[in-house]
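Breakdown of the fold
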Amino acid sequence: MISLRLTAADLTRIRFGSRPHPVGNTILASQALRDPVVAARMPELATRAQAAPASTAALRHLLPARGLLPDFLTPVQGIESVAAGIENIRATPRRQITAELTATYAKLPPSLWRRRFVSADPEMLDLLMTAVDHYFEAVLAPAWSHLTAAHRAHVDLRARTYARSGVDGLLNELHPAIRWRPPILEIDSWWSAELTGNGEGILLIPGPLAGLRPRVLVRPGQPVLLVYPVIAPPEPPPTRTDPLAQLLGGTRAAVLRRLAEPGRHTTTAVGRHLGISTSSASEHAAALRAAGLVDSERIGGAKVHRLTPLGIHLLAGGSRPPGG
């Protein structure tokens with residue numbers, strides 16, 4: 001059990017993560033979905049995980065099937081996109097990689113890949129980061145809007161708990177494995193320790209892919225990170241085959257459809273509506289623009305997007321291009 005002593009300053013700076021972290025959730029999912037209990041709760045994700053491409057194998061080989069994960073692989077920064085999270089991981093000092101992996105692998109059988117990773121071999125880090133990117137696209141991307149919506153709904157629920165019952169009510173209702181005995185937060189986690197908050201507050205992360213136990217990370221100069229399991233509602237079943245999603249991909253098709261709706265569509269607004277990062281919305285808009293389906297114009301400090309006649313025609317399902 002972890003005994004986390006919280007200071008008065010920590011208790012005045014409690015907040016929730018603004019949205020799910022793409023890379024953090026990918027790392028957690030690659031471990032959690034190997035557990036039959038978690039897989040049974042999220043069958044759609046588990047099915048996609050089993051069918052994930054061979055390029056994701058490094059996640060299974062280099063990370064333990066359960067329990068502790070190296071801290072540098074679950075970053076707080078880089079929440080904007082998969083690329084940003086990967087860049088944050090790549091910036092980890094070599095000494096930190098070696099120290100954290102040595103602790104992680106202490107009770108695991110050695111392998112050539114693990115020995116190379118402990119030595120901070122850049123090739124192994126490249127292999128793992130490619131696996132992260134491909135796993136996110138294959139397993140999490142189809143459900144990302146759903147996971148984001150579930151995150152927001154949970155945070156709204158906990159905000160009402162805080163408004164009704166204060167700090168005591170909030171911390172006592174997070175998870176059965178978390179108990180608030182002021183000023184100690186007791187957490188049944190994968191390891192045991194006595195920790196003290198540093199006055200930077202607590203960042204609460206509800207995690208449907210966190211596994212079966214909460215996770216705690218205390219770093220100097222940063223809020224205490226507390227990731228705790230929640231049960232997300234099941235993904236809505238597909239009602240029919242979506243030809244546009246098959247052609248463009250689910251997220252890109254959703255961006256195109258959003259631009260067909262009334263209103264002023266900035267990159268930020270599109271990302272917020274679809275539950276994706278601004279950088280991801282910008283990348284999808286750029287790809288649609290390159291295909292001649294979208295026009296973009298910078299107005300003030302924002303880039304505004306609208307459909308071209310070809311984009312409108314594609315959404316309408318016409319058999320011939322305009323003027324054909």
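Everything below is about the structure printed above this text.
The paragraphs below set out a description of the structure included in this document.

Conventions used here
Residues numbered from 1 in each chain as written. Predicted model: local features only at pLDDT ≥ 70, side-chain atom pairs only at ≥ 80, totals over all residues. Heavy atoms only, no water. Axes fitted to C-alpha atoms, helices over the stretch in contact; angles between N-to-C directions. Helix = DSSP H or I, 4+ residues; strand = E, 2+ residues; numbered from the N terminus. Parallel < 35°, antiparallel > 145°, perpendicular 65-115°, else oblique. Left-handed = near helix turned anticlockwise from the far one by under 90°. Contact = heavy atoms within 4.5 Å. Nonpolar A, V, L, I, M, F, W, Y, C, P; charged D, E, K, R; others polar. Core = buried A, V, L, I, M, F, W, Y, C linked by side-chain atoms within 4.5 Å. Buried < 20%, exposed > 50% of the residue type's maximum accessible area, 1.4 Å probe, protein only. Pairing = 2+ DSSP bridges. Salt bridge = Lys/Arg side-chain N within 4 Å of Asp/Glu carboxyl O.

**Structural notes on the packing of helix H6 (residues 82–90) against helix H9 (residues 122–140)**
One way to put it is that H6 packs onto H9 with a least axis distance of 11 Å and a crossing angle of 160°. Of the possible angle classes, the one that applies to H6 and H9 is roughly antiparallel. Considering the relative orientation of H6 and H9, their crossing is right-handed. Here Val82, Ile86, Ile89 and Arg90 of H6 lie close against H9, whose contacting residues are Leu125, Asp126, Met129, Val132, Asp133 and Phe136. Its residues placed into classes, the contact of H6 with H9 shows 7 nonpolar, no polar and 3 charged.

**Things to note about the nonpolar core**
Ranked by size, the top nonpolar core spans 61 residues in total, and within it Leu33, Phe117 and Leu140 carry the most contacts. Sorting elements by how many residues they give to this core places H9 first, with 10 residues. Residues within four places of leucine 33 in sequence aside, it is in contact with Val38, Ala39, Leu45, Ala46, Ala49, Tyr135, Val139 and Leu209. In terms of nonpolar packing, the next biggest core, distinct from the first, is built from 22 residues, Ile2, Val167, Leu171 and Leu185 among them.

**Structural notes on the pairing of strand E5 (residues 193–196)**
Residues Ala193 and Leu195 of E5 are buried on one face, while the alternating residues Glu194 and Thr196, pointing to the opposite face, are not. As paired elements, strand E1 (residues 2–5) and E5 share 4 bridges and run parallel to each other. Looking at the pairing, arginine 5 lines up with threonine 196 of E5.

**Structural notes on the packing of helix H2 (residues 22–32) against H9**
Contact geometry for H2 and H9: axes closest at 10 Å, N-to-C directions at 80°. Judged by the inter-axis angle, H2 sits roughly perpendicular to H9. Each of Pro22, Val23, Asn25, Thr26, Ile27, Ala29 and Ser30 in H2 lies in contact with H9, whose residues at this interface are Val132, Tyr135, Phe136 and Leu140.

**Describing the pattern of salt bridges**
The tally for this structure, following the rule as stated, stands at 11 salt bridges. Across the pair glutamate 186 and arginine 179 runs a salt bridge whose closest N-O atoms are separated by 3.3 Å. A relative accessible area of 21% places arginine 179 in the partly exposed class. One salt bridge in this structure joins glutamate 297 and arginine 306, with 3.5 Å as the shortest N-O distance. Taking relative accessible area as the criterion, glutamate 297 reaches 39% and is therefore assigned partly exposed. Look at arginine 306 and you get partly exposed, because its relative accessible area is 38%. Connected via shared salt-bridge partners are Arg179, Arg181, Glu186 and Asp188.

**Focus on the sheet that holds strand E9 (residues 265–266)**
Strand pairing in a sheet relies on backbone hydrogen bonds, with the paired strands running either antiparallel or parallel. With antiparallel pairing, the 3 strands of this open sheet are ordered in space as E9-E11-E10. Looking at strand neighbours, the two that pair on one side only are E9 and strand E10 (294–299), the edges of this open sheet. Here E9 pairs with strand E11 (residues 302–307) via 2 bridges, running antiparallel. Looking at E11, one finds that threonine 266 is bridged to valine 304. Along the sheet face, helix H12 (residues 250–259) touches E9, E10 and E11 and points at about 85° away from the line of E11.

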